[in-house]
Amino acid sequence: SLQSLSRDDLWAAYSSLLGTFIETVEALTKALDMRDILSSGHSLRVSQACCTMGAHMGFSEKEIQELRLAAILHDVGKIGISDAILGKPGRLTEQEFFLIKKHPEIGEQIVSGVEYLRNVAPVIRHHHEFFNGKGYPDEIGGDDIELNARIISVADAFDFMRTDLSFRAPISVHDTMETLQDRAGAQFDPAVVDALTEVMQEQSNVVH
């Protein structure tokens, strides 16, 4: 019976369930990403980058799992956005961008109905907030933005700049990092940009 299971057994059972849960969420996210012309594989790449940064920043295994879930699901609200907008090649009109900007709030509503994802809901809501308070939807800044949302914000921008779009080629790693560093303190948390910079330096040292 459950009563007689040791703490280690319970942890192993929990970890196995959690692993299955995350795999299911990843599979659903892949399907979602296929709808968005910009996003094939985007959510999983953002999630991978977030976990690497979290580990570099000294997160515990449990904290990394929570960050992973928030990152995988950060764009889940796009499920509520029309295919005509998500699938549109080229730049969006002001009206289309207004509708796209609703996706963090839609995402929050979707996940807040799931007990297990309750902690993730505010992170999804705030992944487009700016460190200087000029983002959306709540115009909060600094430490008022959840740390996981600040990490996702940087990883999200990195992946967007590195992606080949219909209206521009991928931006080089060097130029992408330069843009992130330029916007540190305004759009992005400087400590998170520093963490990504250090991770990228470590990875390039391994390559050479």
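Above this note sits the structure.
Predicted model, so just to flag it, every value in this text is computed and none were measured.

(A) Focus on the environment of Glu198. Secondary-structure assignment places Glu198 in helix 10 (residues 190–207). Residues Glu198 and His56, 142 residues apart in the sequence, show an inter-C-alpha distance of 8.5 Å. A polar contact of 2.6 Å, which involves the side chain of Glu198, links it to the side chain of His56.

(B) Inspection of the nonpolar core at higher detail. Counting residues in hydrophobic clusters, the biggest one holds 40 residues, and the most contacted among them are Cys50, Ile152, Val154, Leu180 and Leu196. Elements represented by at least two residues in this core include exactly helix 1 (7–33), helix 2 (42–56), helix 3 (61–72), helix 7 (121–125), helix 8 (147–162), helix 9 (173–182) and helix 10. Of the residues forming this core, the biggest block, eight residues, is contributed by helix 8. Among residues more than four places away in sequence, those in contact with Leu196 are Met53, Val154, Phe158, Met177 and Leu180.

(C) The pattern of salt bridges, seen in detail. Applying the stated criterion to the full structure yields seven salt bridges. Here Arg125 and Asp138 are joined by a salt bridge, their closest N and O atoms 2.7 Å apart. With a gap of 13 residues between them, Arg125 in helix 7 and Asp138 in the loop between helix 7 and helix 8 connect regions that are remote in the sequence. Asp138 sits in the partly exposed class, given a relative accessible area of 34%. The network of salt bridges with common partners includes Glu108, Arg125 and Asp138.

(D) Quick look at the packing of helix 8 against helix 9. Following both chains from N to C, one finds helix 8 and helix 9 inclined at 145°, their axes separated by 10 Å at the closest point. Relative to helix 9, helix 8 is oriented so that their crossing is right-handed. On helix 9, the residues touching Val154, Ala157, Phe158, Met161 and Arg162 of helix 8 are Val173, Thr176, Met177, Thr179 and Leu180. Here the residues of the contact of helix 8 with helix 9 sort into seven nonpolar, two polar and one charged.

(E) Seen up close, the environment of Lys88. Along the chain, Lys88 turns up in the loop between helix 4 (83–86) and helix 5 (94–100). For Lys88, a relative accessible area of 24% puts it in the partly exposed group. Along the backbone, Lys88 and Ala186 are 98 residues apart, and their C-alpha atoms lie at a distance of 29 Å.

(F) Helix 2, seen in detail. Between its terminal C-alpha atoms helix 2 stretches 21 Å, which fits the 21 Å expected from 15 residues at 1.5 Å a residue. Along helix 2, the positions that sit buried rather than exposed are His42, Ser43, Val46, Ser47, Cys50, Cys51, Met53 and Gly54. Angular distribution of buried residues about the axis of helix 2 spans 165°; they occupy a single face of the element.

(G) Structural detail: the side chain of Asp189. Position of Asp189 relative to the elements: it lies in the loop between helix 9 and helix 10. One polar contact links Asp189 to Arg150, side chain to side chain, over a distance of 2.7 Å. Of the polar contacts made by the side chain of Asp189, one reaches the backbone nitrogen of Ala191; its length is 2.9 Å. When residues no more than four places from it in sequence are discounted, the contact partners of Asp189 are Phe131 and Arg150.

Analysis parameters
- Residues numbered from 1 in each chain as written.
- Predicted model: local features only at pLDDT ≥ 70, side-chain atom pairs only at ≥ 80, totals over all residues.
- Heavy atoms only, no water.
- Helix = DSSP H or I, 4+ residues; strand = E, 2+ residues; numbered from the N terminus.
- Polar contact = N/O pair within 3.5 Å; in protein donor to acceptor, adjacent residues only side chain to side chain.
- Core = buried A, V, L, I, M, F, W, Y, C linked by side-chain atoms within 4.5 Å.
- Buried < 20%, exposed > 50% of the residue type's maximum accessible area, 1.4 Å probe, protein only.
- Contact = heavy atoms within 4.5 Å.
- Salt bridge = Lys/Arg side-chain N within 4 Å of Asp/Glu carboxyl O.
- Axes fitted to C-alpha atoms, helices over the stretch in contact; angles between N-to-C directions.
- Left-handed = near helix turned anticlockwise from the far one by under 90°.
- Nonpolar A, V, L, I, M, F, W, Y, C, P; charged D, E, K, R; others polar.
- Expected span 1.5 Å × (residues − 1).
- Arc of directions from axis to C-beta.

The values reported here are purely geometric and, on their own, carry no functional implication.
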